[in-house]
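# Secondary and tertiary structure notes
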Amino acid sequence: EVQLVESGGGLVQPGRSLKLSCLASGFTFSNYGMNWIRQAPGKGLEWVASISSSSSYIYYADTVKGRFTISRDNAKNTLYLQMTSLRSEDTALYYCARLNWRYFDYWGQGVMVTVSS
Amino acid sequence: DVVMTQTPVSLSVSLGGQVSISCRSSQSLVHNNGNTYLSWYLQKPGQSPQLLIYKVSNRFSGISDRFSGSGSGTDFTLKISRVEPDDLGVYYCGQGTQYLMYTFGAGTKLELK
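Fair warning: this is a prediction, and the values are worked out from it, not measured in the lab.

Right, let's get into the sheet that holds strand 1 (residues 3-7) of chain A. Residues and elements named next belong to chain A. Taken together, four strands build an open sheet; the order of strands is 1-3-8-7 and the sheet is antiparallel. Looking at strand neighbours, the two that pair on one side only are strand 1 and strand 7 (68-73), the edges of this open sheet. With direction set aside, neighbouring strand axes in the sheet form an average angle of 15°.

Structure, rendered in structure tokens:
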């Protein structure tokens with residue numbers, strides 16, 4: 001059974017940093033591209049960042065480019081999102097999701113990030 | 001970016017009824033390779049989104065045949081027949097044709113009448 005379990009969320013002040021993790025199991029992690037997708041409270045889905053299976057290709061939404069860094073450790077089956085210079089508009093539920101060709105076939109349960117003073 | 005527009009914003013249905021949700025993209029979702037990367041997701045209350053349909057009309061593993069997707073180019077439809085209580089939630093369309101600029105519609109909330 002494919003499982004994606006996010007962790008690392010919490011309350012953080014504007015301008016500070018936070019690192020999210022997503023532990024994968026039930027599939028060969030190193031064979032799949034992975035993504036972070038977020039959902040602001042009461043809002044829709046926003047793709048945040050994508051990383052290819054071997055970390056060769058990394059892309060970001062314009063809203064987070066230069067502030068967020070996606071990475072992965074295939075030996076640990078773990079996906080990361082380092083978030084810096086956080087803003088109130090980054091407040092959201094952050095999901096990690098497996099990319100299968102051009103769609104997201106499995107999603108984690110999400111981890112909440114709240115940016116507030 | 002490709003803008004995805006869903007209609008209606010919300011929908012009321014009786015159990016056992018049938019509904020359709022529309023999704024329109026701001027540009028054609030036909031990829032150079034001939035595939036159309038339009039997918040549908042359902043987010044049940046308090047849960048993460050789950051994949052229902054990929055490449056316009058292919059049901060994901062374990063998805064009931066009561067769900068069907070159709071369309072081409074820029075216009076797509078998700079139909080749900082014989083609606084059950086477990087079908088309630090917010091439906092999102094999403095595109096993967098514009099590589100690494102994935103976008104989603106704003107969602108359609110399906111409620112009981």
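Each partner contributes to the interface: chain A provides 20 residues, whereas chain B provides 19 residues. Summed over both sides, the interface of chain A with chain B buries roughly 1800 Å², with 66% coming from carbon and sulfur. It is A:Leu45, A:Arg102 and A:Tyr103 in chain A that bury the most area against chain B; as a group they hold 41% of the surface buried on that side. Linking chain A with chain B are zero salt bridges, by the criterion used here. If you look at where chain A meets chain B, you find eight residue pairs in polar contact (both at pLDDT 80 or more). Mapped onto the side of chain A that touches chain B, the elements with two or more residues apiece are strand 4 (33-39), strand 5 (46-51), strand 9 (92-100) and strand 10 (103-107) of chain A.

The next subject is the pairing of strand 3 (residues 19-25) of chain B. Residues and elements named next belong to chain B. Of the two faces of strand 3, only the one carrying Val-19, Ile-21, Cys-23 and Ser-25 is buried; Ser-20, Ser-22 and Arg-24 on the other face are not. Of the strand pairs in this sheet, strand 1 (residues 4-7) and strand 3 are connected by four bridges, and their pairing is antiparallel. Bridge pairing links Thr-5 to Arg-24 in strand 3. Pairing geometry for strand 3 and strand 8 (residues 75-80), over six bridges, is antiparallel. Bridge pairing in strand 8 places Ser-20 opposite Lys-79.

Within this model, the largest pocket holds a volume of roughly 370 Å³. Forming the boundary of the largest pocket are 22 residues, of which A:Gln39, A:Lys43, B:Gln43, B:Val90 and B:Tyr92 lie nearest the centre. Every element with two or more residues in the lining of the largest pocket is listed here: strand 9 of chain A together with strand 9 (89-95) and strand 11 (108-112) of chain B. Among the residues making up the lining of the largest pocket, the classes are represented as 10 nonpolar, nine polar and three charged.

In this section: the pattern of salt bridges. Tallying each qualifying case throughout the model produces 11 salt bridges over all chains. As a salt-bridge pair, B:Lys109 and B:Glu111 come within 3.7 Å of each other at their nearest N and O atoms. On the basis of relative accessible area, B:Glu111 is assigned to the partly exposed category, the value being 32%. Salt bridges sharing common partners tie together A:Arg38, A:Glu46, A:Arg67 and A:Asp90.

Conventions and cut-offs
Residues numbered from 1 in each chain as written. Chains lettered and ligands numbered in written order. Predicted model: local features only at pLDDT ≥ 70, side-chain atom pairs only at ≥ 80, totals over all residues. Heavy atoms only, no water. Pairing = 2+ DSSP bridges. Helix = DSSP H or I, 4+ residues; strand = E, 2+ residues; numbered from the N terminus. Axes fitted to C-alpha atoms, helices over the stretch in contact; angles between N-to-C directions. Contact = heavy atoms within 4.5 Å. Buried area = accessible area lost by both parts, 1.4 Å probe. Salt bridge = Lys/Arg side-chain N within 4 Å of Asp/Glu carboxyl O. Polar contact = N/O pair within 3.5 Å; in protein donor to acceptor, adjacent residues only side chain to side chain. Buried < 20%, exposed > 50% of the residue type's maximum accessible area, 1.4 Å probe, protein only. 1 Å grid on protein atoms, 1.4 Å probe; cavity = no way out; pocket = protein on both sides within 12 Å on 5 of 7 lines; lining within 4 Å. Points joined across faces, edges and corners; volume = space filled by probe spheres on them. Nonpolar A, V, L, I, M, F, W, Y, C, P; charged D, E, K, R; others polar.

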